[in-house]
Structures are given as C-alpha cells and as structure tokens.
Amino acid sequence: MSKFFSEKYKSLEPYVPGEQPKDTVYIKLNTNESPFPPCEEVIRASKDAASDLQLYPDPDCSELIKKLAEVYGVSTDEITVNNGSDETLNFAFMAYCDKSHPAVFPDITYGFYPVFAQINGIPYEEIPLESDFSININKYKGINKTVFIANPNAPTGIALNLEQIEEILSSNPDNIVVIDEAYVDFGAKSAVKLIHKYNNLLVTQTFSKSRSMAGARLGFGIANKDIIADLNAVKYSTNPYNINRVTAAAGVAALKNESYTIENCKKIEENREYTSENLKELGFICTPSRANFIFAKSPKIGGKELYLELKKRGVLIRHFEKERIKDYNRITVGSKEQMDILLERIKEIL
Ligand code: PMP
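Every value quoted in this text rests on a predicted model; they were computed, and no experiment measured them. (Residues numbered from 1 in each chain as written. Predicted model: local features only at pLDDT ≥ 70, side-chain atom pairs only at ≥ 80, totals over all residues. Heavy atoms only, no water.)

K.L.:
What should I look at first to understand the overall build of the chain in this one?
P.N.:
What the chain contains, in helices and strands, is ten helices and twelve strands. In terms of overall size, the chain behaves like a compact globule, its C-alpha atoms giving a radius of gyration of 20 Å where 350 residues would be expected to give roughly 20 Å. With respect to the three principal axes, the spread of C-alpha positions in the chain is 55 × 50 × 50 Å. Of all 350 residues assigned to the chain, the portion counted as buried reaches 53%. When contacts within the chain are restricted to residue pairs at least 6 apart in sequence, those whose partners lie at least 24 apart make up 72%. Roughly 15,900 Å² of accessible area belongs to the chain as shown, and the carbon and sulfur atoms make up 51% of that amount. The centroid of the 42 positive side-chain charges in the chain is displaced by 3 Å from the centroid of its 48 negative side-chain charges. (Helix = DSSP H or I, 4+ residues; strand = E, 2+ residues; numbered from the N terminus. Rg over C-alpha atoms; globule rule 2.2 N^0.38 Å. Buried < 20%, exposed > 50% of the residue type's maximum accessible area, 1.4 Å probe, protein only. Contact = heavy atoms within 4.5 Å. Areas by Shrake-Rupley, 256 points an atom, 1.4 Å probe, with all protein chains shown as cover. Lys, Arg positive; Asp, Glu negative; His and termini not counted. Charge placed at Lys NZ, Arg CZ, Asp CG, Glu CD.)

K.L.:
Which parts of the structure should I look at to understand the site of the ligand?
P.N.:
Every residue close to the ligand is listed here: Gly84, Ser85, Asp86, Leu89, Tyr110, Asp180, Ala182, Tyr183, Thr206, Ser208, Lys209 and Arg217. In the model, a nitrogen atom of the ligand is placed 2.6 Å from a nitrogen or oxygen of the Asp180 side chain. Coverage of the ligand by the protein chains reaches 92% of its 400 Å² of free accessible surface. Among the elements that take part in the shell around the ligand, helix α3 (residues 84-96) stands out by supplying four residues, more than any other. Along the lines of polarity and charge, the residues of the shell around the ligand split into four nonpolar, four polar and four charged. (Near = heavy atom within 4 Å. Polar contact = N/O pair within 3.5 Å; in protein donor to acceptor, adjacent residues only side chain to side chain. Nonpolar A, V, L, I, M, F, W, Y, C, P; charged D, E, K, R; others polar.)

K.L.:
Sorry, what's going on with the side chain of Thr31 here?
P.N.:
Topologically, Thr31 is positioned in the loop between β1 (27-29) and α1 (40-50). A polar atom in the side chain of Thr31 sits 2.7 Å from the side chain of Lys28. Separated by 2.7 Å, the side chains of Thr31 and Glu33 make a polar contact. When near neighbours in sequence (up to four residues on either side) are disregarded, Thr31 contacts Gly18, Glu19, Gln20, Lys209, Arg330 and Thr332.

K.L.:
What exactly am I supposed to notice about the packing of aromatic side chains here?
P.N.:
Aromatic rings considered in pairs are described by the distance between their centres and by the relative angle of their planes. Taken as a whole and assessed by the stated rule, the structure comprises 19 aromatic pairs. Residues Phe207 and Phe220 carry aromatic rings whose centres are separated by 5.7 Å and whose planes lie at 75° to one another, so their mutual orientation is edge-to-face. Separated by 13 residues along the polypeptide, Phe207 in the loop between β7 (201-206) and β8 (219-223) and Phe220 in strand β8 bring together distant segments of the chain. Considered together, Phe207 and Phe220 belong to a single accessibility category, that of buried residues. (Phe/Tyr/Trp six-rings, centres within 6.5 Å; stacked < 30°, edge-to-face > 60°.)

K.L.:
Teacher, can you tell me more about unusual backbone geometry here?
P.N.:
Comment: phi is negative for the bulk of residues other than glycine, and the bulk of peptide bonds are trans. Cis geometry is adopted by the peptide bond preceding Pro152, which originates at Asn151 and carries an omega value of 0°. You can see Pro152 is positioned in the loop between β5 (146-150) and α5 (162-170). Cis rather than trans, the peptide bond between Ala154 and Pro155 has omega equal to 5°. Even without a glycine there, the phi angle at Asn32 is positive, about 55°.

K.L.:
Which parts of the structure should I look at to understand the sheet that holds strand β4 (residues 124-127)?
P.N.:
For sheets, the rule is that strands pair by backbone hydrogen bonds, running either parallel or antiparallel. Here seven strands make up an open sheet; going across it, the order is β2-β8-β7-β6-β5-β3-β4 and the pairing mixed. The open sheet has two edge strands, β2 (79-82) and β4, and neither has a second partner. The mean inter-strand angle of the sheet, taken between neighbouring strand axes irrespective of direction, is 20°. Of the strand pairs in this sheet, β7 and β8 are connected by five bridges, and their pairing is antiparallel. (Pairing = 2+ DSSP bridges. Axes fitted to C-alpha atoms, helices over the stretch in contact; angles between N-to-C directions.)

K.L.:
What is the right way to look at the environment of Lys266 in this model?
P.N.:
Residue placement: Lys266 occurs in helix α8 (residues 258-281). Residue classification places Lys266 among the exposed positions, given a relative accessible area of 55%. Sequence separation of Lys266 and Asp60 is 206 residues, and the distance between their C-alpha atoms is 33 Å.

K.L.:
Mind showing me how you'd approach the packing of α8 against helix α10 (residues 336-349) here?
P.N.:
The relative placement of two packed helices comes down to the angle between their axes together with the axis-to-axis distance. Look at α8 against α10: their axes get within 10 Å of each other, and the N-to-C directions meet at 10°. One way to sum up the angle between α8 and α10 is to call them roughly parallel. Residues Asn271, Tyr274, Thr275, Asn278 and Leu279 of α8 form the contact with α10, whose participating residues are Lys336, Met339, Asp340, Leu342, Leu343 and Ile346. A class-by-class count of the residues in the contact of α8 with α10 yields six nonpolar, three polar and two charged. (Parallel < 35°, antiparallel > 145°, perpendicular 65-115°, else oblique.)

K.L.:
I tried to follow α3 on my own but got confused; where do I start?
P.N.:
An α-helical segment advances 3.6 residues per turn. Residues three or four places apart therefore align on the same side. For α3, with 13 residues, the first-to-last C-alpha span of 19 Å sits near the 18 Å given by 1.5 Å per residue. Along α3, eleven of the 13 residues are buried, which leaves the element largely enclosed by surrounding structure. The complete set of buried residues in α3 reads Gly84, Ser85, Asp86, Glu87, Thr88, Leu89, Asn90, Phe91, Ala92, Phe93 and Tyr96. (Expected span 1.5 Å × (residues − 1).)

What follows is the structure, given as structure tokens:
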C-alpha cells in the first residue's frame, strides 16, 4: 500500500476471485463458468463488432435493451445493462444504502456483498443461515434495511420460492430488496414478473453463467422504471460506456438464440443431478442445489485437503476458509466428461 492511498480505503479487504491459473491446464470447476462455448452467432457478432472499435459504443445500449425487454416481457425503461452483474450490484449498494439504510444479507452468501458495502462506506448486517444453510425469511421481514439475497444462494445453491420472496418484499415496503439471480436459469424461479407488483424490487441477472459469456462481462438489472432511472444516474456518473461494442453485439446475438441457452441449462441440470447422486454414493453430503454448482462435504476428508488433492490431480474446485463452511467445497457443474473425471479423481483420493 502506498502512503498516498486514501484513508477511507485503508481497511478495505478486496474480493478474491477464484483462481485463474496460467501454469497448468486444469479441469476448471472453481468459478461457475459454463463448460460450453458461446453459440456461433455470438462469436460471429463479436468479430463483426470488433471492426468498429475505433468508435465509442452506444451508451444507451438500445438494441441490447430492446432485445432483453422482448425476452423478459418488460419494457425498455425497466432494464439497465452493466459490466457484469457485479457492477449492477455495486450500483445498487451506491444508490440504495447509506448510514440510515444499512445493507443486510446472509452470513454465507456471495463474498462480494461485504466488499461493496465496505468500499462504499456502508454499514451492514450478516444474518446467519440456518444450520441446514437455508435462509429463514422471518429474519428479513420488516427489517428496515436494504436487503441483498442471491437466489439461488451461493455457494449453497439453495433457492427460495417466489412466495417467500414476496413475503420479504411486502414486509419491507420502504426498502429496496435486491434479488441476485446470477444462477436462476438452472432451475430456480425468477422474480422478474414481480417487478410490476412491488416497486421496491430489483432483480439482477448475468450473461456469465447460462449464456456462456463470463469473459464478455455483461449483466443487467430489471425493476420498475424509477429504480432503473436511479441506477442509470449512477452509471452515467461513473462510466456511461460500461458496455463495450463487442459485448453489446455478443449480448444481442445470444438473446436471438435462446434455445441454445435453454439446452445448455438442461444439460447442466442433468449433470448436476448425476454428479450429486454419485457424490452421495461416495458418502458426501450435498445441499439441494438449483444452481450450476454443487456444495458438498465428505465425512472422510476435510474440505481443504480434498481441494488440494484434486488440484494436484488437475481438477480445480473452490474452497472457502470461512469457519462455517470450511469442510465444504463448491464444485462447478461442467460437462459429463468433466464430471466423470472429477468423480474418478475423488474415488482415487478417498
Ligand atoms: N452474483 C453471484 C451470486 C455470483 O456468484 C456472481 C459470480 N461471481 C455474480 C453475482 C457476478 O457475476 P457477473 O459479474 O459475472 O455477472
């Protein structure tokens, strides 16, 4: 740290992304990426857009927003697009949290939430998950804070149903409730249709997982138009060109081929169930995941040891040091071939 670093950031603990090793070719099951490449149309549209890179992109992302509105059945002023859903989430912390509106989220959830709170000087509360890692919605009812819930949650994969989300929304009419749906396409129910019923709901989603576009950095938020106007005010005061030309074109192309996304999600769900069943046969305990990852622990080997042993054998999974979950690992669901190799390696280790 230099002596020039602002006092306000000195105690910041930055988010630590999953490893992206450059030395060895691993079977990468540690950052919840898709095992499938983007569809042909996305690759072609990206190449075409690259030939205009001397020009700034459209700050309004009109074509992309029009297509998203069509796919999600909302109007164009109910959508904002950002540089990954991380950016939408950060904008939500900036727009809706301060000392009189602290943030609240589970103790075990997406590790970026406390970092967004810290960098923006926002006080926050972490509500412990139940012992089975489920969210007890009663603890969020009328809480009078800005609520952030990943649904399905990460790294547990456990999802709330829409009735439960409605209970949180209706009991907090004076606070924004952000439902982070990064993993919703793998079997959970989206809250998007509730935006017309609750003016305090913001749903965030991403192209990173189900649409195989983590490298493009494209996320979006859906909410009533006043919320979208707030988020766009923050965006236009930060980086109006937050979506580059290649990403915008790739996003439009991906939305024109929804069947590719749906097929891939179906394969991931099948591979998740196949892998969970096999892990359970090996004695693992797995949470009921509705996401593109499995959260599992073995009574025979510690979480860190399994992670290290698998790494030695060319398979990367994600281990978290946090006390409550240190016996677990989060395993991204990949292709059937990748899952078979994972299971083989685990058998060898056990
Ligand atoms: N929310 C959750 C729960 C996540 O796990 C992630 C991925 N790390 C994100 C949001 C952010 O995804 P992205 O910025 O790639 O859209």
